[in-house]
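# Coordinate inspection notes
Listed below, chain by chain, are the residues.
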Amino acid sequence: MKKFMDEHFLLHTETAQELYHEHAAPMPIFDYHCHLSPKEIAEDKSYENLSQIWLHGDHYKWRAMRSNGVDERYCTGDASDWEKFEKWAETVPYTLRNPLYHWTHLELKRFFDVDLLLSPKTAREVWEQCNEKLTSGSFSCRDIISKAKVDTICTTDDPIDSLEYHQAIREDDFETAVLPAWRPDKAMMVEQTEAFNDYLDQLAEVANIEIDSFDALLVALDKRHEFFHENGCRLSDHGLDTAYADDYSMKDIHAIFDKVRSLKNLNETEIRKFKSCMLYEFGMMDHARGWTQQYHIGAQRNNSTRLFKKLGPDTGFDSIGDLPVAASLAKMLDRLDQNNKLTKTVLYNLNPRDNELYATMIGNFQDGSCPGKIQYGSGWWFLDQKDGMEKQLNALSNLGLLSRFVGMLTDSRSFLSYTRHEYFRRTLCNLLGTDVERGELPNDPELLGKLVRDISFWNAKNYFDFE
Ligand SMILES: [Zn+2]
């Protein structure tokens, strides 16, 4: 029997172990999509205890705690940090076979040298050992980033963000590049009439332009896009329930804009047309400045009205959606491509039903201008565990070029999530090692070692080409 989570964790063949330890493990991390707070990095925040760095803001853990019967008071409520941790420790033994069980113990091991299995029995000891480290003066968020050998971080930022924290980090000469990424979801959320108008008022203020027409909206957004570019941004991201590519005329769009700007609710057709137009315009901006665009497609968000009202978005009440996507996604990309305006693109899907659909979709728009111009992004959100990663890697291998894949990202809100790269790299090496030992891939350490180093780091580093 193998030992639980030893040095060969997830590596079931000798070839897999060699590939991981010699080629994957030494590579730095290129984390091109996450939700870390640039403010916390700028202020080099330290944490008083494990709950603050581990439980505050982690909707994966809250979801597991709720499923285990834990009251909301201990997830997002006013319980003390120790009480919240105690409830998490009670929950962990019930997370067996959920990736949380692996992530939890990898994070304890890698960052805190804690080898104990977290449970009510060990809770106090784990709490004290970790808190001692956290308050030692060498465990700030920048210390953690450096310990994890992170080369580059791209955060997720709204067009109205001042980027003051990114500027402050750059002035500090922190050895990890911390770059903004442009996420303009709120600028196309026309189904929420009031919120959309409030947002436009804020955008008008930061862009210093009155937004009284659709053209003025585009000017304001382009000004902010340029400002992001000046601050090192080369990457956009869109969270979409599905792709939008309805036909529209500019006359339609002007009328739709005027209607929603005068606080009248839009109908379904108008909403779809507006979103279709915005996605095209955002794609044009990204192409004009040579950025890469990312589309995260397929989440069905805020399903519990009661808890959305109480806690707001991103609190653990989202799930996998099943809207059709193939025709609209192809049309959305084709529209840009027909005008030679399709920039480098990464597509992420949330419904595993669609893995092969996405893996083939990317092949439609490769144009030989750079390797892997259109990427099928790594297993995302509900799919970023071993099973989801293997399915994504297999779909991409079967239908595209695995060797050109830009690899993993954390997509996390916690500084302790860098072990997800380790988890991904082990899973990748295990797939390759198994193939070698079965005689399905050549036993060529040079060829396979390069593949592993490329997917772990170099493909992303070269593809995104940040300055
Ligand atoms: Zn994300």
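Heads up: the structure comes first, above all this text.
A brief look at the structure comes next. Along each chain, numbering runs from 1 in the same order as the chain's sequence is written. Note on the predicted model: pLDDT of at least 70 is required for a residue's local features to be given, and 80 or more for side-chain atom pairs to be given and counted; whole-chain, interface and lining totals, by contrast, use all residues. As a convention, hydrogens and water are excluded, and side-chain values are obtained from all of the structure's heavy atoms.

A few words now on unusual backbone geometry. Here Asp-113, not a glycine, exhibits a phi torsion of approximately 55°, which is positive. Each helix is a run of DSSP H or I of at least 4 residues and each strand a run of E of at least 2, with the numbering of both proceeding from the N terminus. Structurally, Asp-113 can be placed in the loop between helix H6 (99-112) and helix H7 (123-134). The buried label applies to any residue whose accessible area, calculated with a 1.4 Å probe on protein chains only, is under 20% of its type's maximum; exposed applies above 50%, and partly exposed to all values in between. For Asp-113, a relative accessible area of 59% translates into the label exposed. The backbone of Asp-314 sits at a positive phi, close to 55°, despite the residue not being glycine. Here Asp-314 lies in the loop between helix H14 (305-311) and strand S7 (319-320).

Turning next to the coordination of the zinc ion. Only nitrogen, oxygen and sulfur atoms count as donors, using a 2.8 Å cut-off from the metal that widens to 3.2 Å for Na, K and Ca. Water is left out, so coordination shells may look unfilled. Each protein donor to the zinc ion is listed here as His-33 (NE2), His-35 (NE2) and Asp-411 (OD); together their distances run 2.0 to 2.1 Å. Spacing between the donor residues of the zinc ion along the chain follows H-x1-H-x375-D.

A word on the sheet that holds strand S4 (residues 235-240). Pairing is parallel in the open sheet, where four strands are placed in the order S4-S5-S8-S9. The strands lining the two open edges of the sheet, one partner per strand, are S4 and strand S9 (374-376). With strand direction ignored, the average angle separating the axes of adjacent strands in the sheet is 15°. Sheet analysis places S4 next to strand S5 (residues 292-297), joined by six bridges and oriented parallel. The partner of His-238 across the bridge, within S5, is Tyr-295. Contacting S4 and S5, helix H13 (residues 268-288) runs over the sheet at an angle of about 165° to S4. Strands S4, S5, strand S8 (345-349) and S9 of the sheet are contacted by helix H19 (residues 445-464), whose axis makes an angle of about 130° with S8. Strands were regarded as paired on the criterion that DSSP finds at least two bridges between them. Lines fitted to the C-alpha atoms define the axes, with helices restricted to the stretch that makes contact. Angles between their N-to-C directions range from 0 to 180 degrees. Residue contacts are defined here by distance: any two heavy atoms, one from each residue, within 4.5 Å place the two residues in contact.

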